[in-house]
Amino acid sequence: MPEDTSFDSDVLIVGAGPAGLALATALADAGLQSLVLEQSPAAAIEHPAEDGRDIALTHRARRILEQLGLWQRLPADAPAPLREAKVLDGDGKASLLNFSSQGTGLEALGWLVPNHLVRQAAWQEASSRPQVTVQFEARVTGLALQPDAGVVTLHDGRSLRAPLVVAADSRFSNVRRMAGIGASVHDFARSVVVGRVAHEHDAGGIAWECFRYGNTLALLPMNGRQCSAVITVDSNQAPAWLALSDEEFAARVQAQAPGALGTLTPAGPRHHYPLVGVYAHRFTGHRFALVGDAAVGMHPVTAHGYNFG
């Protein structure tokens, strides 16, 4: 019998995170059909929960999001301009390094946007394209890369075929492993504890990077006189930061923060993330490609993962 050459889609994308959905949107604009396979239930993608992460978007990333229609989906008050970054060292109060958009002709160095809003915008735009289909609770258990197609097997026994399979299923991608592509993984043995704090004085779009003794504190300016406080510590110290009351957390951040912000008060829940960097040994293979964190999972404190994705 002749070989079956029928396809279920032009591209199979594993993972409905912001990188996978942005790719599906871009492919739709190029006239290609995408079938996105997501192991989570629909509610987790359609209504993503606030996760404490704020994404620093570059000018190039913003242009791409605008071209895809994602930027326009963000709430008008969501993007917070990052106009300047000041770096403090040790117990010093004076800035050792200063990065500013002044004199560049640019409105800002970049923009800070809550991660869950980027995810929501990616879902809204991708789901508006008739060329994009998303299947939820679809867990991939097998992958075969044949001469003429990539074949994905799901947990319920179904098989799906396409000329190209793309893994967009996180820095710990199972599909990358199924494709026989390794990755260099670096566990920094450090974690971030992140939480919102409100401040007395306007931040002026200034981010503070404070390299204190024992931990690092980043204060990322958000709208509404709030900032995201990102504390990097050895992982064995993270439980102590998480055990603090909201008021104790704000007070400890206050003790390390520059005085320019005035009094700090708690403004949101805390979240905790281990720091693990991942770099795939290669990004493409026969009938296969990697995008997003599956290709390069950056140190999360850089806040630039989605710019790479």
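Residues numbered from 1 in each chain as written. Predicted model: local features only at pLDDT ≥ 70, side-chain atom pairs only at ≥ 80, totals over all residues. Heavy atoms only, no water.

> Go over the overall build of the chain with me, naming the residues and quoting the values.
Helix and strand content of the chain: nine helices and 20 strands. Over its C-alpha atoms the chain spans a radius of gyration of 21 Å, differing by no more than 12% from the 19 Å that the globule rule assigns to 309 residues. Overall, the C-alpha framework of the chain stretches about 75 × 40 × 35 Å when taken along its three principal axes. Burial statistics for the chain: of 309 residues in total, 49% are counted as buried. Excluding contacts between residues fewer than 6 apart, the proportion of contacts in the chain whose partners are at least 24 apart in sequence is 71%. Looking at the chain as shown, the accessible area adds up to about 14300 Å², and 53% of this sits on carbon and sulfur atoms. Within the chain, one finds 24 positive and 30 negative side-chain charges whose respective centroids are separated by 3 Å. (Helix = DSSP H or I, 4+ residues; strand = E, 2+ residues; numbered from the N terminus. Rg over C-alpha atoms; globule rule 2.2 N^0.38 Å. Buried < 20%, exposed > 50% of the residue type's maximum accessible area, 1.4 Å probe, protein only. Contact = heavy atoms within 4.5 Å. Areas by Shrake-Rupley, 256 points an atom, 1.4 Å probe, with all protein chains shown as cover. Lys, Arg positive; Asp, Glu negative; His and termini not counted. Charge placed at Lys NZ, Arg CZ, Asp CG, Glu CD.)

> Mind laying out the nonpolar core, listing which residues take part and the relevant values?
Membership of the largest hydrophobic core comes to 35 residues, with the highest contact counts inside it found for Ile13, Leu21, Leu57 and Tyr306. Among the secondary structure elements, those contributing two or more residues to this core are strand 1 (11–14), helix 1 (18–29), strand 3 (54–57), helix 3 (59–68), helix 4 (70–73), strand 7 (110–114), helix 5 (115–127) and strand 8 (132–135). Counting residues per element, this core draws most heavily on helix 5, which supplies six residues. Those residues in contact with Tyr306 that lie beyond four places of it in its chain are Pro18, Ala19, Ala22, Ile55, Leu57, Leu65, Leu70 and Val118. Val14, Val152, Ala162 and Ala295 belong to the second largest nonpolar core, which has 23 residues in total. (Core = buried A, V, L, I, M, F, W, Y, C linked by side-chain atoms within 4.5 Å.)

> Which residues make up the sheet that holds strand 18 (residues 284–285), and what values go with them?
A sheet is described by the order of its strands in space; here six strands give the open sequence 8-2-1-12-19-18, paired in mixed fashion. Because the sheet does not close on itself, it has two edges, and the strands there are strand 8 and strand 18. In the sheet, strand 2 (residues 34–37) pairs with strand 8 via four bridges, with the strands oriented parallel. Residue Leu37 lies in a different strand from strand 8, and its bridge partner there is Gln135. Each of strand 1, strand 2, strand 8 and strand 12 (164–167) is contacted by helix 1, which is oriented at about 165 degrees to strand 1, the strand it contacts most. (Pairing = 2+ DSSP bridges. Axes fitted to C-alpha atoms, helices over the stretch in contact; angles between N-to-C directions.)

> Requested: an account of the packing of aromatic side chains, with residues and values cited.
Counted by the stated rule, this structure contains four aromatic pairs. Seen from their ring centres, Trp123 and Phe136 are 5.7 Å apart, and the 55 degrees between their planes marks the pair as tilted. With Trp123 in helix 5 and Phe136 in the loop between strand 8 and strand 9 (140–145), the pair connects residues that are 13 residues apart, well separated along the chain. Aromatic pair Tyr279 and Phe283: ring centres 5.6 Å apart, planes at 50 degrees, arrangement tilted. On the basis of relative accessibility, which here comes to 47%, the residue Tyr279 falls in the partly exposed class. Across the ring face of Trp111, the terminal group of Arg62 is positioned such that the distance to the ring centre comes to 4.6 Å. (Phe/Tyr/Trp six-rings, centres within 6.5 Å; stacked < 30°, edge-to-face > 60°. Lys NZ or Arg CZ within 6 Å of the ring centre and 35° of its normal.)

> Pulling in residues and values, what's your account of the environment of Pro147?
Locating Pro147 in the fold gives a position in the loop between strand 9 and strand 10 (150–154). Residues Pro147 and Pro163, 16 residues apart in the sequence, show an inter-C-alpha distance of 9.4 Å. The contact partners of Pro147, leaving out residues within four places of it in the chain, are His286 and Arg287.

> Please provide a residue-by-residue account of the layout of surface pockets, values included.
In this structure, the second largest pocket occupies an estimated 260 Å³ of space. Around the second largest pocket, the lining is made up of 14 residues, and of these Ala22, Ile64, Tyr306, Asn307 and Gly309 lie nearest the centre. Mapped onto the lining of the second largest pocket, the elements with two or more residues apiece are helix 1, helix 3 and helix 9 (305–308). Looking at the lining of the second largest pocket, the element that brings in the most residues is helix 3, giving five residues. Of the residues that constitute the lining of the second largest pocket, the class distribution is eleven nonpolar, two polar and one charged. (1 Å grid on protein atoms, 1.4 Å probe; cavity = no way out; pocket = protein on both sides within 12 Å on 5 of 7 lines; lining within 4 Å. Points joined across faces, edges and corners; volume = space filled by probe spheres on them. Nonpolar A, V, L, I, M, F, W, Y, C, P; charged D, E, K, R; others polar.)

> If you had to explain the packing of helix 1 against helix 5 to someone new, which residues and values would you point to?
Taken N-terminus to C-terminus, the directions of helix 1 and helix 5 make an angle of 30 degrees; their axes are 9 Å apart at the nearest point. The orientation of helix 1 relative to helix 5 falls into the category roughly parallel. Handedness of the crossing formed by helix 1 with helix 5: left-handed. Facing helix 1, whose interface residues are Pro18, Leu21 and Thr25, helix 5 presents Val118, Arg119, Ala122, Trp123, Glu125 and Ala126. Considered class by class, the residues forming the contact of helix 1 with helix 5 number six nonpolar, one polar and two charged. (Parallel < 35°, antiparallel > 145°, perpendicular 65-115°, else oblique. Left-handed = near helix turned anticlockwise from the far one by under 90°.)

> Describe the pattern of salt bridges, and please don't skip the residues or the numbers.
Following the criterion strictly, the structure yields twelve salt bridges and no others. Between Asp54 and Arg196 there is a salt bridge; the shortest N-O distance is 3.4 Å. Taken together, the residues Asp54 in strand 3 and Arg196 in strand 13 (residues 183–199) connect sequence positions 142 residues apart. Residue Asp54 is classed as buried on the basis of its relative accessible area, which comes to 9%. The class of Arg196 is partly exposed, set by a relative accessible area of 21%. (Salt bridge = Lys/Arg side-chain N within 4 Å of Asp/Glu carboxyl O.)

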